[in-house]
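Spelled out, the chains give:
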Amino acid sequence: MSPVGQLGVRDVETENKRARPTWRKWPRKQYRRAKTKIYDQTTRWYKTIFLEIILRQKPLKPSKDGRHVPMRLDGPRQALFDPRRDHSYISNTIRTSRYTVYDFVPKQLIFQFTRLSNAYFLAIGIPQTVPGLSTTGTYTTIVPLFVFVLLTIVKEGYDDYKRHRLDKIENANVARVLGSPTLDVAQSTTLRPWLAWLNRKPKAPTFDTEADCDDKDGDLSWTRVEWSDVRVGDLVKLRRDEALPADVVLLNASGENGIAYIDTMDLDGETNLKSRESLSDFKECNTIAELRSIDAEFVAEDPNPDLYHFNGRVTVNGKTIPLTSNEVIYRGSTLRNTASAIGIVINTGEECKIRLNANQHPEAKIPALEAYANKIVITLVFYVIVLTAGCSAGYVMWRAATERNSWYLRDATVGLKEIIIGYAIQYNNIVPLSLYVTLELTRIGQMLLLNGDIEMYDEVSDTPARCNTNTILENLGQVSYIFSDKTGTLTDNIMKFRKLSIAGTSWLHETDLPADQGVAQHAEPTAVSDTLAPAKSPSVKVALYEDIELFSIASPNTAAPSLRRRSSQWRSTARPFNTQPELTTTDLLEYIRLRPSSHFAIKAKDYILCLALCHTCLPEVKDDQLEYQSSSPDELALVQAASELGYIVTHRSSQSVTLRVNLENGEEKLETYEILDVIEFSSKRKRMSILVRYPDGRICLICKGADSAIMSRLKLAQLAKEKAMEVRKSAEVEREMARRSEQLEVRNSFGGRPSFTIRRSFAANRDSLDPSSAIKRPGIERSVSLEPQRTRVSADKARPSLNIRTTSLDVMNRLSKAGAPSTPVTPAYNKFSFLDDPSIMDGATVFDRCFRHLDDFATEGLRTLLVARKFISEGDYKAWKETYHNATTSLIDRQDKIEDAGEQIEQGMDLVGATAIEDKLQVGVPETIDKLRRANIKIWMLTGDKRETAINIAHSARICRPGSDIFILDVAKGDLEGQIRDATEELQSGTVHSVVVIDGQTLASVEQSPLLSDLFYTLIPCVDSVICCRASPAQKSLIVKAIRKRLPKALTLAIGDGANDLAMISASHVGVGISGKEGLQAARVADYAIAQFRFLQRLLLVHGRWNYVRTGKFILATFWKEMFFYLPTAMYQMYNGYTGTSLYESFSLTVLNILFTSLCVLCMGIWEQDLRAETLLAVPELYVHGQRNRELNFPRFVVWMTGAVIDGTLVWVLIWLGYNVYGRPRDNGLFAFGDLAFSIGVLWTNWKLFIMETHYKTAIIMASFGITVSGWWAWQAFLSGVYTLQPSPYAGRGAFVNTFGKDTLWWSLLFGILIILIAIDMLFKFIKRGLIKQGFWTWTPWNRKVGDATAVMDENCENWDRQLWQELEQDPLVKEQLRWTLREEELEREGIVVGDVDGGGVGVGDGTMERRTPVEETI
């Protein structure tokens, strides 16, 4: 089928879904509404009755006049009084653990016995303890239940204890507090003994005066205390690179003009440093004595989670001044670029902003499979009720027909109540208690395997993967949504200057990359490439896939690939196969050295000079190395680039900046530029300007900012806008072509791009894996879709309408065609000949090329800026200076007036050039996101950064694709409802890949309106990705909770590395923490911890799939064996008068699930691997197995239970016929008869689960099988020797050794019935294999509909039965092909291009590669 036809099938499927009657959804909708109402009402009762009335934990009322914090420096440190609580303010201790010593046991008991299975066993176990009711013992249920619950509680307690220890480490951090150790200690010792006992702490506060601090005033000094001992009202002193212990108001800072720089990345995810200004009356208070001389009282707003606004005031010596967020530093921030700072604490502990934004004390997480297991339990409980009722009715009928007529049974009648309860207790093991005991053991085994996976070990940080919560391991295999932080999770927060555009020419800057030693050299063909195209393995005689054609990028149908290193070391992560400029900044410096007076060289030097001057970076010397401290990593990258290009900033103050310039003759000279004014960057202005006086006396304005902010302020603004519009239209045309090209590509069943295209060939020659036969196929039916590390292939083509994109050689070619002079030049000037063309001095041409470069930089995920400048006369500057001075000193609307003054001077500028900065991603991030998307996982990026930065990173990380439709929702534009409705209509019209961008302010508006909330969360499931920028931690958590509520069947995963990510990590089904540079806040709270984002693909695609399959098969196998075992004893009741006599001997029955049927399910649950890791990583689409609940669902449960019923019935019938009807056994007692059934049950259970159902058979599996089987016969001998001689229907003493153990009939029935069971099971598998081979195996059959996309399974590899893939990966050819697919990813990271020698759709040229789809090749 052609791709176009396949697209039509999806359209039909969509229309069919829309056409479904709404009445079918009505019951489910009403059920959800009722469930929500019950939950809300229960929550309301819990808060009002339990919390407020019983525990008296009433919600705090707002204070009348805010929180009053006086600055008291006389006397000992005292705890201030909190009028809202009627006691002192809460301590500075934080707790991320879920429980305390007081509530752990009651919470766990409630949690454990609200689980359906535990409640069922408790209901059965209690009446079983009543004497005379149970036929299977008194405490056989209640004791194991409490042991299991106890073990579970202990395990949960240990997991939470580990969190508690990490909390203790953070609370034990040291802070410097102003106080008097002598007075404070004396205060604590004056308490009465009983009062001291009430006020005791786990550890007495320690006061340690700093040895290197000479600042003392009487008894006051800076003392070192633990964070947990910091109180509201304390004065704390911070040093550079220290974290804030609490929320403080900044009093004094050592920075210029009392400015302190802070890093809030761990608080809100923003990467830029922020400045905080100390209070004017405290700027000169550097000593304790000066602080002591000031009388001040602070009034702060009540604690709240708002990170961006703060209201308060301070009264200093009788004068009141306002407090804003500009003077407040929150916990979670770090002091940077400032030697020291002093602040007063206003919020502590759980009342800090960062903790109010966290999901405090989250509830324990429940595995998603438990819901299915509960449904199965309910089904089996119903079966037990039916079985109990049937046997009880049988006894009533037997009593009427037989008991009343038998004199020897007179007065032996049993009451109906006792009969019913007895049968309910006897059959309660059909719902196996052992399931939950052994399930915990399997999860422990799965956890150990995950922790020990060497493939998820990071050598750089020496960090392995770690599982903190092993109860939800199977959730890793069912994730549908991933919510990811940006900074520290996707990126390393390292900015590198990467490209520049000067006079319409593009240059690559890669001096930070290692020298390329492999340029223009072809690597030796590897052993892998030699094995990619062998003939079909002769060892595979008959294969299920013998008529399957499997096409991929690394297909054996093409010639052996060649490996070549790129001529450019750097490549774009967003568009890895884009052609990069051949000329670099090294060549630029060479040209400046050769022709320093040329027009272009002057332009280039001006460009570099602007980068070296327009910034606020401060140079400093550390260990004889010049380093820069900057409030912005972007500025730091620009200054470092200027330094690498010969303009080194050696000194900067508020008045001047000194440069060391490398001259063309190799000498150096110092130049000092006077700084006149700096107009700071703001989110509203989107630009930053500096006015400097050159050494020759000229005054120059240099401005850098976003293209939208600079373009309208250029001297030729109208011409620039026209050229920008042309470039924009050209880019839109190209993106539309890209979207149309992508629509023609082959799609999988959920609309993604497949890793494999598998088609059937019903021709005579079905050996389609043979390369010679595959080459004969028409080109239109080839597929090049196996590229886990690539984006959409059509996006990798060069844009025909935008030839001048990234390489200066393209410029040279166009100029030569335009008639540039072709006079002979020396070889040194040959590569620079295009710079002599006069068009580089034409404004229109420069604008056109520069804006095309900007568009190209942006599509590569680079952060772009425009640089402009203009020279100003002395008179104009003086006139403007007066306006600017008035604005900076204004007490009303100061910021607005400063921006208006800047607007006046920033006009009529000349374009200098453009910059492109790379925000370096972590290794493997784009490839991981690409694989996760192909695994049908939607990826959201939630960040505190601004919108432009977030979109750029989304392009780099391939969250946004070149052909994506991006919908920006912005409340500032007005009519938010209309924006959402328009986006919904666009999506309904059809898109290939859609992304919605929303900011925190817009999200807040959505949350406040029920209508907007409904519209927004109706839109969200229809899009492929969402970018949420400027989002607070609380909003991140709210988004995750909203998706969980709106899409209850979707499993969510949140991943982050900082404290600002804790809320969303706790709110999601699965939380993953990155052990990042910002500490272990997220890693210690999350359910799983990894060192790098790239390990997420193995965590989900491999371990997630394996654990889901293991747990699903374990649950099914456990229910199957219990049903199979207890069915013969139920059928036996009709032959014993329905007395409840068990067919099986009690001792063997007691140890059944411990000794003889435990390893078969344990080994399956721990070590089973249905597919190889290489297959799961190379074909991410196979991950949908868990998303679609294919392993554990009700139809599959019915199949397994039907098999158990058939097997159990067959065993009973054959034993009864062979042993009692037609046979003549030596021992016809109940023990011999029951032991035969028991032996068959043990052997068949272990054979089926170990041999027939376990795919990954290792030495452990086979050894466990041998141990279990031999152990059963050893138990037989043991039981024969120790069984008590007493009157009993179970005559076990010596029976196995002396009586039925020597009976040929007994052994014949044993092996004969086993052979029959094995033959039946193999026949079923053979029939199933044949149906798969013919393409008729679709389960369940009633879901196969004509015209439904699920019926077209030939095209979609994720829809193929697992048995097909298991046989496919056994073939050496396919195995090597899958391994090579993974190897390609590693080669691409190293900059090695993989291509075909003969160019069959893959070309190796000048360090680049272009791939084309079959449709494109045909066109």
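In case you missed it, the structure is sitting above this.
Being a predicted model, the structure only gives us computed values, none of them experimental.

Glancing now at the overall build of the protein chain. The number of helices and strands found in the protein chain is 47 helices and 41 strands. Split into buried and exposed, the 1419 residues of the protein chain put 56% on the buried side. In the protein chain, once contacts between residues fewer than 6 apart in sequence are set aside, the share between residues at least 24 apart is 76%. Within the structure as shown, the protein chain displays about 60700 Å² of accessible surface, and the carbon and sulfur contribution to it stands at 57%.

Interaxial distance between helix H30 (residues 1010-1019) and helix H31 (residues 1033-1046) falls to 11 Å at its minimum, and their mutual angle equals 75 degrees. What the angle tells us is that H30 and H31 run roughly perpendicular. Where H30 abuts H31, its residues Ser-1013, Asp-1014 and Tyr-1017 lie against Ile-1039, Ala-1042, Ile-1043 and Arg-1046. Per-class residue counts for the contact of H30 with H31 are 4 nonpolar, 1 polar and 2 charged.

Okay, the nonpolar core next. The nonpolar side chains of a soluble globular protein tend to be buried with one another. By size, the foremost hydrophobic cluster in this structure holds 99 residues, and its most contacted members are Phe-1119, Ile-1215, Tyr-1219 and Ile-1240. Excluding residues within four positions of it along the chain, Phe-1119 makes contact with Ile-376, Val-377, Leu-380, Ile-430, Pro-432, Leu-435, Phe-1197 and Met-1201. Val-177, Tyr-330, Ile-1065 and Ala-1082 belong to the second largest nonpolar core, which has 91 residues in total.

Because the α-helix completes a turn every 3.6 residues, residues three or four places apart line up on one side. With 23 residues, helix H41 (residues 1230-1252) extends 31 Å from end C-alpha to end C-alpha; this agrees with the ideal 33 Å at 1.5 Å per step. With respect to burial, H41 is a largely interior element, 22 of its 23 residues being buried.

For the rest of this paragraph, the subject is the side chain of Thr-585. Tracing the sequence through the fold places Thr-585 in helix H15 (residues 585-594). On the basis of relative accessible area, Thr-585 is assigned to the buried category, the value being 1%. In this structure Thr-585 touches Leu-500, Leu-508, His-509, Thr-511 and Leu-645, once residues within four positions along its chain are discounted.

Overall, the coordinates contain 64 salt bridges when judged by the stated rule. Ionic pairing is found between Glu-351 and Arg-84, a salt bridge with its closest N-O pair at 3.9 Å. With Glu-351 in the loop between strand S17 (340-347) and helix H10 (353-356) and Arg-84 in the loop between strand S2 (81-82) and strand S3 (87-88), this pair connects stretches of sequence that are 267 residues apart. On the basis of relative accessible area, Glu-351 is assigned to the buried category, the value being 5%.

Let us now look at the sheet that holds strand S13 (residues 312-316). Two strands in a sheet stick together by hydrogen bonds in their backbones, pointing the same way (parallel) or opposite ways (antiparallel). Ordered by their spatial adjacency, 4 strands build an open sheet running S1-S12-S13-S14, and the pairing between neighbours is antiparallel. If you trace the sheet from one side to the other, it starts and ends with strand S1 (67-70) and strand S14 (319-323), each paired once. Strand-to-strand twist in this sheet, taken as the mean axis angle between neighbours without regard to direction, amounts to 20 degrees. Judged from the 5 bridges that link them, strand S12 (residues 296-300) and S13 form a sheet pairing that is antiparallel. Across the sheet, Ala-300 pairs through a bridge with Gly-312, a residue of S13.

Under the criterion given, the structure shown has 0 disulfides. Lacking any disulfide linkage, Cys-610 is separated from the closest cysteine sulfur, that of Cys-700, by 6.0 Å. The class for Cys-610 is buried, based on a relative accessible area of 2%.

Note: most residues except glycine have negative phi, and most peptide bonds are trans. In this model, Arg-1030 sits at a positive phi of 55 degrees, which is unusual for a non-glycine residue. You can see Arg-1030 is positioned in the loop between strand S37 (1025-1029) and H31. The residue Asn-1189 is not glycine, and still its phi comes out positive at about 55 degrees. You can see Asn-1189 is positioned in the loop between helix H39 (1184-1187) and helix H40 (1194-1221).

Relative to the elements of secondary structure, Pro-1128 occurs in helix H34 (residues 1095-1131). Taking the relative accessible area as the measure of exposure, Pro-1128 reaches 3% and is therefore buried. As for Pro-1128 and Leu-1143, which are separated by 15 residues in sequence, their C-alpha atoms are 7.6 Å apart. Beyond its immediate chain neighbours, meaning those up to four positions away, Pro-1128 contacts Leu-1143, Tyr-1144, Gly-1208 and Trp-1212.

Right, let's talk about helix H12 (residues 416-426) for a bit. Along H12, the residues that are buried comprise Ile-419, Gly-422, Tyr-423, Ile-425 and Gln-426. Projection of H12 onto a plane perpendicular to its axis shows the buried side chains occupying an angular sector of 160 degrees, all on one side. Elements in contact with the buried residues of H12: helix H4 (116-128), helix H11 (369-401) and H34.

Turning our eyes to something else, we now look at the sheet that holds strand S10 (residues 259-263). Taken in spatial order, the 3 strands line up as S11-S10-S16 in an open sheet, and their pairing is antiparallel. Whereas interior strands pair on both sides, the edge strands pair on one side only; in this sheet they are strand S11 (274-277) and strand S16 (334-336). Recorded for the sheet is a direction-independent mean angle of 45 degrees between the axes of neighbouring strands. With 4 bridges connecting them, S10 and S11 associate as antiparallel partners. Bridge pairing in S11 links Tyr-261 to Ser-275.

Considering all chains together, one arrives at 47 aromatic pairs under this definition. Centroid distance Phe-1016 to Tyr-1017: 5.0 Å. Interplanar angle 80 degrees. Geometry classified as edge-to-face. Using a relative accessible area of 8% as the deciding quantity, one classes Tyr-1017 as buried. For Lys-375, the ring lying beneath its charged end belongs to Tyr-372, and the centroid distance is 5.4 Å. The positively charged end of Lys-1248 is found above the aromatic ring belonging to Trp-1200, 5.5 Å away from the centroid.

What follows is about the pairing of strand S38 (residues 1051-1056). The buried count for S38 comes to 6 of 6 residues, which makes it a mostly enclosed element. Neither face of S38 is open: one carries Leu-1051, Leu-1053 and Ile-1055, the other Thr-1052, Ala-1054 and Gly-1056, and all of them are buried. Note that strand S19 (residues 479-484) and S38 share 5 bridges and pair parallel. Along S38, the bridge assignment pairs Ser-484 with Ile-1055. In the sheet, S38 pairs with strand S39 (residues 1070-1074) via 4 bridges, with the strands oriented parallel. By the bridge assignment for S39, Leu-1053 is matched with Val-1070. Crossover connection from S38 via helix H32 (residues 1062-1067) to parallel S39: handedness right-handed.

Cut-off values and rules
Once a new chain begins, its residue numbering starts again from 1 and follows that chain's sequence as written. pLDDT decides what is reported in this predicted model: residues at 70 or higher carry local features, side-chain atom pairs at 80 or more are listed and counted, and totals for whole chains, interfaces and linings draw on all residues regardless. Hydrogens are left out, water is left out, and the side-chain values use all remaining heavy atoms of the structure. Think of it this way: any DSSP run of H or I at least four residues long counts as a helix, any run of E at least two long counts as a strand, and we number them from the N terminus. Using a 1.4 Å probe on the protein chains alone, a residue whose accessible area is under 20% of its type maximum counts as buried, one over 50% counts as exposed, and one in between counts as partly exposed. It only takes one pair of heavy atoms within 4.5 Å for two residues to be counted as in contact. Surface accessibility follows the Shrake-Rupley procedure with a 1.4 Å probe radius. Residue values consider only the protein chains on display as shielding. Throughout, an axis means a line fitted to C-alpha atoms (over the contacting stretch in the case of helices), and angles, computed between N-to-C directions, take values from 0 to 180 degrees. By definition in this entry, angles of less than 35 degrees are roughly parallel, angles greater than 145 are roughly antiparallel, angles of 65 to 115 are roughly perpendicular, and the rest are oblique. The residue classification treats Ala, Val, Leu, Ile, Met, Phe, Trp, Tyr, Cys and Pro as nonpolar and Asp, Glu, Lys and Arg as charged. All others, Gly included, are polar. Only buried Ala, Val, Leu, Ile, Met, Phe, Trp, Tyr and Cys residues count toward a nonpolar core, and they belong to the same one when joined by side-chain atoms within 4.5 Å. Here the expected span of a helix is defined as 1.5 Å times the quantity of residues minus one. Salt bridges are defined as contacts in which a side-chain nitrogen from Lys or Arg sits within 4 Å of a carboxyl oxygen from Asp or Glu. Strands are labelled as partners when DSSP assigns at least two bridges between them. Counting rule for disulfides: a pair of cysteine sulfur atoms within 2.5 Å. The arc in question is the one spanned by the directions pointing from the helix axis to the C-beta atoms. Here a Phe, Tyr or Trp ring, Trp counted by its six-membered ring, pairs with any other such ring whose centre lies within 6.5 Å, and the pair is stacked when the planes are under 30 degrees apart, edge-to-face when over 60, and tilted otherwise. Ring-over charges, as used throughout, are those where CZ of Arg or NZ of Lys falls within 6 Å of the ring centre and within 35 degrees of the ring normal. With the strands aimed away from the viewer, a crossover counts as right-handed if its path from the first strand over the helix to the second runs clockwise.

Interpretation in functional terms is not warranted from these geometric data alone.
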